[in-house]
Amino acid sequence: MLCPWRGRLKVLLATLMLVLLISWLYFLLGNLEYGPSLLPSPCFGEQPKWYLDHKALASQVQKVEEENHLLRLQLIRSQAQEGTDSNQQRSSVVEDQDVLGDRSSNRTGCLKQRMVQKCELIHVAIVCAGYNASRDVVTLVKSILFHRKNPLHFHLITDHVAQKILQTLFQSWMVPSVHVSFYNADDLKAEVSWIPNKHYSGIYGLMKLTLTKALPSDLSKVIVLDTDITFATDIAELWAVLGKFSDKQVIGLVENQSDWYLGNLWKNHKPWPALGRGFRVILLLLDRLRRIGWEQMWRLTAERELMSMLSTSLADQDIFNAVIKRSPMLVYHLPCFWNVQLSDHTRSEQCYTEVSDLKVIHWNSPKKLRVKNKHVEFFRNLYLTFLEYDGNLLRRELFGCASLSSLSSGQFQQALEELDEDDPCYDFRRQSLIQHRVHLFFLHYEDPALADAADVTLVAQLSMDRLQMLEAICKHWTGPISLALYMSDAEAQQFLRYAQASEVLSSRRNVAYHIVYKEGQFYPVNFLRNVALKNAQTPYVFLTDIDFLPMYGLYDHLRTSILQLELPQKKAALIVPAFETLHYRLTFPKSKAELLSMLDMGSLYTFRYHVWPQGHAPTDYAKWRTATVPYRVEWQPHFEPYVVVRRDCPLYDQRFVGFGWNKVSHVMELDAQEYEFLVLPNAFIIHMPHAPSFDISKFRLSSGYRDCLETLREEFHQDLSRKYGAAALKYLTAERSL
């Protein structure tokens, strides 16, 4: 019996040597004639003759490998006939078959998988609702953009909150070759609102069922993603899988890695019907789904199962799996590395053996980053990398692909080309043109419950070095607040953790935080003010700075003053007098009388009286000491008070960046529009001490900085004269008389 076995072994060894020889020649010729193997795959575009020759050679190599595998199986059977333990033989055969199956199913080479063409547009659908999900979408999109090599079209089914946030974000992000379409989730609620659902995602967790109706009728296929996933590879690899579907397959799914649908997690656990462990949707052939009557199919299935199940536990996943249970031929099974699930009690470790195996990481647990997993630290670090990654670096062009530039992007490029790089003030002018990436309503915000014609929002801007002022301001001001925060992506996450950990900040729902991401060398102070101003939700705004603490009760006092002075019927700016202290620890005055006493004792001063008296002298502090009713003051050069005005007031002039003339120019335009300046006799704010900003240090040390500020000021005067005519000549005359 040993002789035939040895003969077969010789044949096997000879075959292996032949395979190694052919493989060596194949790679040697490829490297010599066509360059290293790291060059782009010839699957993209037309296939040249040399590639067809390689393809034929590779086919021969694969054929020899398959013959080799059959010989190995025959050897195993021969060993079994000679008395080898039958259990060992069966396990060996199964193991070999599993290895072969994995290799054939996971192979991503050109021989088995249709590759994505260069510049082919990839469509991605995402359901997103609310403030938290909008933040998650940004991290998901970053991970996709980091790896992508193709144009992308995101189809976002959103509520009104997410649409406002994400529309502004993508418009200001201006990523080349990225298109975004929005679909109103409210229009789809009637399709699924009849389905009882216990899942924490609520009605939005059922929206994927409606994609055949929600998305354009000419869209034939789409990748469907949850907001809580992270890509670790090029999304084009997943898009290419759609080309492997058979004629009957319409849905690409990954099997769940938990035992939820097996019904054995706890006693009396009764899940919805599913094949095995059930599946999660990733790929949809929309045109085929429409042809087979998908809408009627899932509705009938849901109605039938709800008679016994009463409600869904995993939202649309339950209904998808119930449909698949009855029609398994519709499913294309994807390897589980396309959805490595990081929820408790999953078998996700079976989906990968190396980092290179990972494709998509799914944080599909309410615990999110706190989930228990053997390799959770690695996954968490990967997620945090994209969470804090500078999104400005993802504005990469796809060379060779036509990109339809947005209007904002085109205008920015044209304006940049018109700048003179030899201009001494080039950096100032360029900074004012930058379209900063903006994430509105970074944290949960609730609009004022009742419409109030006299309601007022505190508007301010800040950077990371003024974060400590937030809690104090929230204690002093109980009304709505709109803040623009100038931060990097990493700093925005630090702020998020700070706000969520603060009892004061986390308890407030009427503070809107708008993140403006850092770009350029100057602090874009007036751009920030405009972001905060334009996103205030009340009829009136109090335009202040983050370093000032309002007197206790100022919010209610301003609302009363607005009504008493009949501000809705007139064009007026209410001035809140500003004071300052040089003490970091201050017993804050509870009334005007206490403030006057502290002023007399020298623990308080009128704001900037010792360095810039022109800024607030027109407020007439001497008159304010004894005033009991509002009094009118006239505009004077360099006047920059803190005012309460209607929300539709003029925006700040964004040419002024860094330090100098940013508020002066705004007050000047208020005067040009014939605003009446009224000083409130019983209101005040106090400036708290802090280290000087970087921009004021540059102003003091650089004569070039001061010269450019003077140039910008003259240009502003000229623009004001052109805009308001002869009425604006007084500003130029007043400046020259100083």
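Just above, that's the structure.
Residues numbered from 1 in each chain as written. Predicted model: local features only at pLDDT ≥ 70, side-chain atom pairs only at ≥ 80, totals over all residues. Heavy atoms only, no water.

Participant: Residue-level account of the state of the cysteines, with values.
Facilitator: Under the defined criterion, the tally for this structure stands at two disulfides. The disulfide partner of Cys 119 is Cys 401, and the gap between their sulfur atoms is 2.0 Å. Because the torsion about its S-S bond is -90°, the bridge between Cys 119 and Cys 401 counts as left-handed. Placement of Cys 119 in the loop between α3 (86-106) and β1 (122-128) and of Cys 401 in the loop between α12 (376-387) and α13 (407-418) is noted, with a sequence separation of 282 residues between them. A residue is classified by how much of its surface remains accessible, and Cys 401, at 10% relative accessible area, is buried. (Disulfide = S-S within 2.5 Å. Helix = DSSP H or I, 4+ residues; strand = E, 2+ residues; numbered from the N terminus. Buried < 20%, exposed > 50% of the residue type's maximum accessible area, 1.4 Å probe, protein only.)

Participant: Pulling in residues and values, what's your account of the pattern of salt bridges?
Facilitator: Side chains bearing opposite charge may pair, as long as their charged atoms lie close to each other. Within the structure shown, the criterion is met by 31 salt bridges. Between Glu 519 and Arg 395 there is a salt bridge, and its shortest N-O distance comes to 3.1 Å. Remark: Arg 395 occurs in the loop between α12 and α13 and Glu 519 occurs in the loop between β14 (511-517) and α18 (525-534); sequence separation between them is 124 residues. Classification of Glu 519 as partly exposed rests on a relative accessible area of 22%. Measuring nitrogen to oxygen at the nearest pair gives 2.8 Å for the salt bridge that ties Asp 653 to Arg 655. What emerges from the salt-bridge pattern is a single network uniting Lys 142, Asp 390, Arg 437 and Asp 489. (Salt bridge = Lys/Arg side-chain N within 4 Å of Asp/Glu carboxyl O.)

Participant: I'd like a description of the nonpolar core, backed by residues and values.
Facilitator: The biggest cluster of nonpolar side chains holds 116 residues, and the ones touching the most others in it are Leu 483, Phe 495, Tyr 513 and Phe 542. With residues near it in sequence (within four places) discarded, Phe 495 still touches Phe 442, Leu 443, Met 464, Leu 467, Leu 470, Leu 485, Met 487, Tyr 513 and Ile 515. Counting 45 residues, the second largest nonpolar core, distinct from the first, contains Val 137, Phe 182, Tyr 332 and Trp 338. (Core = buried A, V, L, I, M, F, W, Y, C linked by side-chain atoms within 4.5 Å. Contact = heavy atoms within 4.5 Å.)

Participant: Can you break down the sheet that holds strand β18 (residues 578-580) residue by residue, with the values?
Facilitator: Judged by pairing direction, the sheet is mixed, and its four strands sit side by side in the order β16-β23-β18-β19 without closing on themselves. Each edge of the open sheet is held by one strand with a lone partner, namely β16 (548-550) and β19 (605-606). Sheet analysis places β18 next to β19, joined by two bridges and oriented antiparallel. Considered in β19, the bridge of Glu 580 is made with Tyr 605. (Pairing = 2+ DSSP bridges.)

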